[in-house]
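Analysis of the macromolecular model
So you can see what is in the structure, the chains are spelled out below.
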Amino acid sequence: MKDLHSHILMNIDDGSKDLKSSLAILKKAQEENVTDIMLTPHYIKNSNYAADNRKKLELLEILKEEARKSEININLYLGNEVYIDNEILSLIEQGEISTLNQSRYILVELPFMNKLQNLKDIIFELIRHNYIPILAHPERYQYVQDNPLELQEYLDMGVLFQGNCKSLLGSYGKTAKKTLKILLKNNMIHFLASDIHRKEDNYNLEKVNKKLLKIVKDKQTVLNLLDRNFDKVIHNEEISI
């Protein structure tokens, strides 16, 4: 697996709290044959989760070096999970937030309960400036759960969607699981990622693969969701919608 969404970078958000925990997560990931991980700490403007790129890069280099010393052979890349904001373009230009591995792709998070009225305007501006939004875990948003196929209009705009492995396993409840299944069956998910936060969490990739194959019924699609589309992101290549 190549994991597009994680909170392993230490002491920066609600994920790993220290280097020891980060290394424990990485060791567990390596045991499950995870080969590549995008580090996507939260960025929420005017909050405690607002470290800029300089701070993130410092922590990334420390983690890479300690992982090497611990014989952890996982490729680590830097991004953000950016809470949607009217100033998202300015935040990119000012070096506050990271696209995924400095590509056109940017991982964004929405409010869980209330749909933003100007969401289309923000997305339109991102796309107009040649960025490609990837919406994190749409199956967890209440308004998506109410009408999953409503996401088609955002798909038509060029938005991509990343589901959580834990949703597929029922960790966020029956409704999130059902919603993710609907989106997968309708070919509206482009990545499945861990969104892992702490050392107690597990990837459970054997279970994920089995459940995923039952839903999409195609090994190539499973490979795209867990591996190939990740590669296209880090190489800044086009992903078919």
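Up top is the structure.
In this report, the structure presented in the accompanying data block is examined. Note that the structure is predicted; figures quoted are calculated from it, not measured.

**Some words on empty space enclosed by the protein**
The full count for this structure, using the stated rule, is two cavities of 30 Å³ or more. Leu110, Leu119, Leu135, Leu151 and Tyr154 are the residues nearest the centre of the largest cavity, which is lined by 14 residues in total. Listed by contribution, the elements that provide at least two residues to the lining of the largest cavity are helix 4 (119-128) and helix 5 (142-146). Among the residues making up the lining of the largest cavity, the classes are represented as 11 nonpolar, one polar and two charged.

**Structural notes on the packing of aromatic side chains**
The final tally for this structure, using the stated rule, is three aromatic pairs. An aromatic cluster of three or more residues is present, and its members are Phe112, Tyr141 and Tyr143. Positioned over the ring face of tyrosine 172 is arginine 140, at 3.9 Å from the centre of the ring.

**Let's talk about the sheet that holds strand 5 (residues 81-83)**
Spatially, 3-5-6-7-8-9 is the arrangement adopted by the six strands of the open sheet, whose pairing is parallel. Two strands close off the open sheet at either side, each with one partner strand: strand 3 (42-43) and strand 9 (191-193). With three bridges joining them, strand 5 and strand 6 (residues 105-109) adopt parallel strand pairing. Its bridge partner being in strand 6, tyrosine 83 is matched across the sheet by glutamate 109.

**Some words on the pairing of strand 8 (residues 160-164)**
Summarising burial for strand 8: five of the five residues are buried, a large majority. In strand 8, alternate side chains face the same way, and those of Leu160, Gln162 and Asn164 on one face and Phe161 and Gly163 on the other are all buried. Bridging between strand 7 (residues 132-136) and strand 8 involves three bridges; their strand directions are parallel. Paired with isoleucine 134 across the strands is leucine 160, a residue of strand 8. In this sheet, strand 9 lies alongside strand 8 in parallel orientation, the contact comprising three bridges. Paired with glycine 163 across the bridge in strand 9 is leucine 192.

**Things to note about unusual backbone geometry**
For histidine 137, which is not a glycine, the phi torsion comes out positive at approximately 30 degrees. Along the chain, histidine 137 turns up in the loop between strand 7 and helix 5. Histidine 137 gets classed as buried once you look at its relative accessible area, which sits at 1%.

**A word on the packing of helix 8 (residues 174-185) against helix 9 (residues 205-216)**
Between helix 8 and helix 9, whose axes approach to 9 Å, the crossing angle comes to 50 degrees. Relative to helix 9, the element helix 8 is oriented oblique. Viewed along their axes, helix 8 and helix 9 form a crossing whose handedness is right-handed. On helix 9, the residues touching Lys177, Lys181, Leu184 and Lys185 of helix 8 are Lys211, Leu212, Ile215 and Val216. Classifying every residue of the contact of helix 8 with helix 9 gives four nonpolar, no polar and four charged.

**Notes on the packing of helix 1 (residues 19-31) against helix 2 (residues 53-69)**
Geometry of a packed helix pair, given as the angle between the helix axes and the separation of the axes. Where helix 1 contacts helix 2, the axes come no closer than 10 Å and their chain directions differ by 55 degrees. When the interaxial angle is binned, helix 1 and helix 2 end up oblique. Helix 2 is crossed by helix 1, and the crossing has right-handed handedness. Contact residues: helix 1 offers Leu19, Ser22, Leu23 and Leu26, while helix 2 offers Leu63, Glu66 and Ala67. Grouping the amino acids of the contact of helix 1 with helix 2 by side-chain chemistry returns five nonpolar, one polar and one charged.

**Focus on the sheet that holds strand 1 (residues 2-3)**
Spatial ordering of the open sheet is given by 1-2-4, a layout of three strands whose pairing is parallel. One side of each edge strand has no neighbouring strand; the edge strands of this open sheet are strand 1 and strand 4 (75-78). Here strand 2 (residues 36-39) runs beside strand 4; their pairing, made up of four bridges, is parallel. When the bridges of strand 4 are listed, leucine 39 appears paired with leucine 78. Lying over the sheet, helix 2 contacts strand 2 and strand 4, oriented at roughly 175 degrees with respect to strand 4.

Definitions and cut-offs
Residues numbered from 1 in each chain as written. Predicted model: local features only at pLDDT ≥ 70, side-chain atom pairs only at ≥ 80, totals over all residues. Heavy atoms only, no water. 1 Å grid on protein atoms, 1.4 Å probe; cavity = no way out; pocket = protein on both sides within 12 Å on 5 of 7 lines; lining within 4 Å. Points joined across faces, edges and corners; volume = space filled by probe spheres on them. Helix = DSSP H or I, 4+ residues; strand = E, 2+ residues; numbered from the N terminus. Nonpolar A, V, L, I, M, F, W, Y, C, P; charged D, E, K, R; others polar. Phe/Tyr/Trp six-rings, centres within 6.5 Å; stacked < 30°, edge-to-face > 60°. Lys NZ or Arg CZ within 6 Å of the ring centre and 35° of its normal. Pairing = 2+ DSSP bridges. Buried < 20%, exposed > 50% of the residue type's maximum accessible area, 1.4 Å probe, protein only. Axes fitted to C-alpha atoms, helices over the stretch in contact; angles between N-to-C directions. Parallel < 35°, antiparallel > 145°, perpendicular 65-115°, else oblique. Left-handed = near helix turned anticlockwise from the far one by under 90°. Contact = heavy atoms within 4.5 Å.

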